[in-house]
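What the coordinates show
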Amino acid sequence: MNAAVANDALAPYGAAFEAVRATVGETAAAREQAFARFAELGFPAPRDEAWKYTSLRRLEARRFAFAGAGGAGPVDTPAVDALSSHRVTVVNGRVTDAALVRSAPLDGIRVRTLSQALEEGEPQGALLRVPTGGGTERFAALNAALSNDAVVIDVAASASVAEPLHVVIAAAGAEPTMIHPRLLIRAGAGSSARIVLHHVGTDSAEHFVNSYVDVEAAADAQLHLYRLQSQGARAFLIERIDATVGQRAAIVVHDAQLGASLSRLDLNARLAAPGAAAELTGLFLADDSRHLDAHVRVDHLAAGTRSLVDYRGIAAGRGRGVFNGKAVVHVDAQQSQARQTSRNLLLTPGAEIDTKPELEIYADDVQCSHGATTGQLDPAALFYLRSRGLDERQARSALTRAFAGAVLSRMDLASYSGAVHSILDARLERLLETTA
Amino acid sequence: MLSIRNLHARIGNRTILKGIDLEVRPGEVHAIMGPNGSGKSTLASVLAGRAGYEVTQGTVEYLGQDLLAMEPEERARAGVFLAFQYPVEIPGVNNAYLLKAALNAVRKQRGEPELDAFEFLALVRDKMKLMQMDESFLNRGVNEGFSGGEKKRNEILQMAVLEPKLALLDETDSGLDIDALRVVANGVNSLRGPERAIVMVTHYQRLLDYIEPDVVHVLSDGRILKSGDKSLALELEKRGYDWVRQEARVA
């Protein structure tokens, strides 16, 4: 295996895999293949189009400890507000609340670990799937090779689960550690469920969280994912979410990117059968020297599919935001709708946001639109508010919140939107203090 | 209350105000009339503190303070209110929030306690009735999707809530039909009082049928050419502005 590790940057990952392979039992072959794929792809080359605005040089140079598939020692999990009374916690890649997992946490939702799913005869291929293509294929492969556990969430067919399931993905410990959390979410036919995907971590350590989330929504399913990325301030976070959406099914993703030092999200929705729909909205706040990159891609593969992508970004200080939105309407996707907007707000002169909406259309009877704007707060609106007695800081705050509010107001889960608001409010207050 | 002396202002290299002198006392209503491009709106903007204008000469004293040295919000808190010619639409900032934040900023300056939600709502409801505005406006974004007339009414509503000492109305009559004009004028008239001064900038005499001025000024090419009582406005309506300019040239 080491022969495939072409350069020094990959060597520690090779060593980690060597440590793992003996302990992974029956999945060894699948993992070996996955690692080979990672080794083949390596870290992105300097001119890799998928990483045009995001350099991984800093990540590449870091060395991380690896707990191995055998499991991490006990660590203090960062405190997390309960966004639901039904919670699954994954600390450093390992599910910690085994009791909760064994019993059904919620009527209609079943949660298992990787080993439980394997014991029950689930095929390895599904549990450790490696997707093809995209800038994060390498990391999804690395995840499949090194993941020390997985959370397998199944929503029963026709189940309608009102209470959200709160999945906490935590990076813990003082030593910089690489963590490969893995989630498989399957929404059965005709089901409806809400899942909160919550990244947390300590601000003190430089962890590397490389997460992979595989989502399948069967026919007529309604799946709502609420992502709250509040990873620790020094963390590297790479996450890939691949969602395959079946006939007349819909996936709705709300994404709030508020944490980490460097984060990249690849959110891919495949509208695979007629009438499938995706609504992907997000907000990122790239303040301090935070670098947040969102790549959102929707593939329309069947007739009458609909997608709406609406991301808003705020950057301040030396923060940098990247948004790449791509809708591909394939030849069989007649009478489909693809709408995409990216709006961005620069609060200070040193901040930067690069946005690139893309459309590829191979069907002729479709409705597609896209638009992207990047600007500062409207001086006319600022003056209007100040002329009514609001000071500059209040006026900037009101306009910034109004900008974010367009996305926040769609977040239809009170505990989640409350958590997003409180983080955002605190950060904006601090920001406006230093920029007004 | 307001004392403008030899005020010169420019935008970029273009000088717009070329020596304005104006004295406004408490209780007075002044109308500043003039053709398009005469500098009426610039004067209102400079008084409210809009960025982009450079005052090159002259002074403006408001209640004994140097108005030009104050930030826009300081002017507002000191009782200066500008009703905009083109009120800005601000989606996502709701009307109720703005009214409350503005009112509390002004009250704080006046040494009055902040209003609680109940007192605030009672006050605003009262003023909305005066402006014939539906309460649903409170929960909408500031001027968002408002018609021209609704925007102007909203301006006067804000003015009625904030009770300024000096109200500057910039072309408040423009774009209003006769019914809306009556409502707006009624709102302005309800604020007339011995402690308050109103300066209206307008192109047409029409507004003055509803809000009777004490003094009328003719502004042309950045200067006040003539001042008189309300009969001057009627004369302008009949004869246009050219005779004033000719008279000024002769003098």
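Because the structure is a prediction, the values reported are computed rather than measured.

1. Examining the sheet that holds strand β9 (residues 166-170) of chain B
Residues and elements named next belong to chain B. Pairing within the open sheet is mixed, and its six strands lie in the order β6-β9-β10-β3-β11-β12. In this open sheet, the two edge strands, each paired with only one partner strand, are β6 (80-83) and β12 (223-228). Adjacent strand axes in the sheet meet at a mean angle of 20° when their direction is disregarded. Sheet topology places strand β3 (residues 29-33) next to strand β10 (residues 197-202); five bridges connect them, and they run parallel. Bridge pairing in β10 links isoleucine 32 to valine 201.

2. Points about the interface of chain B and chain A
Across the contact, 28 residues belong to chain B and 17 residues belong to chain A. In terms of surface lost to chain A, no three residues of chain B exceed Glu73, Val88 and Ile90 of chain B, which account for 25% of the buried area on that side. Across the chain B-chain A interface, the total number found is three salt bridges. A salt bridge links arginine 386 of chain A to glutamate 73 of chain B; the shortest N-O distance between them is 2.7 Å. Put simply, chain B and chain A have ten residue pairs in polar contact (both at pLDDT 80 or more) between them.

3. Points about unusual backbone geometry
Although it is not a glycine, arginine 248 of chain A adopts a positive phi angle of roughly 55°. By the secondary structure assignment, arginine 248 of chain A is in the loop between β12 (236-245) and β13 (250-257). Backbone geometry at glutamine 132 of chain B places phi at a positive 50°, although glycine is not the residue there. Tracing the chain through its elements places glutamine 132 of chain B in the loop between α4 (117-130) and β8 (141-142).

4. As for the packing of helix α2 (residues 28-41) of chain A against helix α7 (residues 137-146) of chain A
Residue and element names in this part refer to chain A. Contact pair α2 / α7: the axes reach a minimum separation of 7 Å and the direction vectors enclose 145°. Seen along the crossing, α2 lies across α7 with a hand that is left-handed. In contact with Arg31, Ala34, Phe35, Arg37, Phe38 and Leu41 of α2, α7 contributes Glu137, Arg138, Ala141, Leu142, Ala144, Ala145 and Leu146. Taken together, the residues of the contact of α2 with α7 break down into nine nonpolar, no polar and four charged.

5. Structural notes on the pattern of salt bridges
Taken as a whole and judged by the stated rule, the model has 52 salt bridges over all chains. Note that glutamate 54 of chain B and arginine 10 of chain B form a salt bridge whose closest N and O atoms lie 3.1 Å from each other. Taken together, the positions of glutamate 54 of chain B in strand β4 (residues 54-62) and arginine 10 of chain B in strand β1 (residues 2-11) put the pair 44 residues apart, joining distant regions of the chain. For the salt bridge of lysine 40 of chain B with glutamate 171 of chain B, the shortest nitrogen-to-oxygen distance reads 3.7 Å. A residue pair is termed long-range when its members are at least 10 positions apart, and lysine 40 of chain B in helix α1 (residues 40-48) and glutamate 171 of chain B in the loop between β9 and α6 (178-190) qualify at 131 residues. Pair check on accessibility: lysine 40 of chain B and glutamate 171 of chain B agree, each one buried. If you follow the salt bridges from partner to partner, you end up with Arg110, Arg112, Glu120, Glu122, Asp154 and Arg186 of chain A in one network.

6. Overview of the side chain of glutamate 73 of chain B
Inspection of the secondary structure assignment puts glutamate 73 of chain B in helix α2 (residues 72-77). Leaving out residues up to four positions away in the same chain, glutamate 73 of chain B has contacts with Arg386, Gly389, Leu390, Asp391 and Glu392 of chain A.

7. Considering the pairing of β6 of chain B
Put simply, side chains in a regular strand alternate between the two faces of the sheet. Residues and elements named next belong to chain B. By the alternation rule, side chains of β6 split into Val80 and Leu82 and Phe81 and Ala83, which are all buried. Pairing between β6 and β9: four bridges, direction parallel. Paired with leucine 82 across the two strands is leucine 168, which belongs to β9.

8. Things to note about the environment of valine 213 of chain A
All names here are of chain A. Here valine 213 shows up in strand β10 (residues 208-217). For valine 213 and leucine 183, which are 30 residues apart along the polypeptide, the C-alpha to C-alpha distance reads 4.7 Å. Apart from the residues lying within four places of it in its own chain, the contact partners of valine 213 are Leu183, Ile185, Leu197, Glu239, Arg240, Ile241 and Asp242.

9. Describing the packing of aromatic side chains
Each aromatic ring pair is described using two quantities: the centre-to-centre distance and the angle formed by the ring planes. In total, this model carries 15 aromatic pairs over all chains according to the counting rule given. Seen in terms of ring centroids, phenylalanine 35 of chain A and phenylalanine 38 of chain A are 5.7 Å apart; in terms of plane orientation they differ by 55°. Their pairing is tilted. Here phenylalanine 35 of chain A and its partner phenylalanine 38 of chain A are both found in helix α2, three residues apart, which amounts to about one turn of the helix. According to the relative accessible area criterion, phenylalanine 35 of chain A is buried, its value standing at 1%. By relative accessible area, phenylalanine 38 of chain A is classed as buried at 0%. Here phenylalanine 137 of chain B and phenylalanine 146 of chain B contribute two aromatic rings whose centre-to-centre distance is 4.9 Å and whose plane-to-plane angle is 80°, an arrangement assigned as edge-to-face. A single burial state applies to phenylalanine 137 of chain B and to phenylalanine 146 of chain B, both of which are buried. Three or more aromatic residues link up through ring pairs in this structure, and these residues are Tyr13, Phe17, Phe35, Phe38, Phe43, Trp51, Phe64, Phe139, Phe208 and Phe236 of chain A. Geometry around tyrosine 384 of chain A places arginine 388 of chain A over its ring, the cationic atom sitting 4.8 Å from the centre.

10. Re helix α1 (residues 11-21) of chain A
Residue and element names in this part refer to chain A. Within α1 the residues assigned to the buried category are Tyr13, Gly14, Ala16, Phe17 and Val20. Considered in projection along α1, the buried side chains sweep an arc of 160° and stay on one side of the axis. On its buried face, α1 is in contact with α2, β1 (65-66), α7, β7 (177-179) and β10.

11. Quick look at the sheet that holds strand β2 (residues 14-24) of chain B
Residues and elements named next belong to chain B. One open sheet holds the four strands; their spatial order is β2-β1-β4-β5, and the pairing between them is antiparallel. Edge strands, defined here as strands with exactly one partner in the open sheet, are β2 and β5 (65-66). Both β1 and β2 contribute to a ladder of eight bridges, which runs antiparallel. Note that in β2 the partner of leucine 7 across the bridge is isoleucine 20. Taken strand by strand, α1 contacts β1, β2 and β4, and its axis lies near 110° from that of β1.

12. Details of the confidence of the model for chain B
Residue and element names in this part refer to chain B. Per-chain confidence: chain B averages 93 in pLDDT, with 100% of residues scoring 70 or above. Within chain B, the lowest mean pLDDT, 83, falls on helix α9 (residues 242-250), and the highest, 97, falls on α2. Note on the complex model: pTM 0.90, ipTM 0.96.

Quick notes on the rules
Residues numbered from 1 in each chain as written. Chains lettered and ligands numbered in written order. Predicted model: local features only at pLDDT ≥ 70, side-chain atom pairs only at ≥ 80, totals over all residues. Heavy atoms only, no water. Pairing = 2+ DSSP bridges. Helix = DSSP H or I, 4+ residues; strand = E, 2+ residues; numbered from the N terminus. Axes fitted to C-alpha atoms, helices over the stretch in contact; angles between N-to-C directions. Contact = heavy atoms within 4.5 Å. Buried area = accessible area lost by both parts, 1.4 Å probe. Salt bridge = Lys/Arg side-chain N within 4 Å of Asp/Glu carboxyl O. Polar contact = N/O pair within 3.5 Å; in protein donor to acceptor, adjacent residues only side chain to side chain. Left-handed = near helix turned anticlockwise from the far one by under 90°. Nonpolar A, V, L, I, M, F, W, Y, C, P; charged D, E, K, R; others polar. Buried < 20%, exposed > 50% of the residue type's maximum accessible area, 1.4 Å probe, protein only. Phe/Tyr/Trp six-rings, centres within 6.5 Å; stacked < 30°, edge-to-face > 60°. Lys NZ or Arg CZ within 6 Å of the ring centre and 35° of its normal. Arc of directions from axis to C-beta. pLDDT = per-residue confidence, 0-100.

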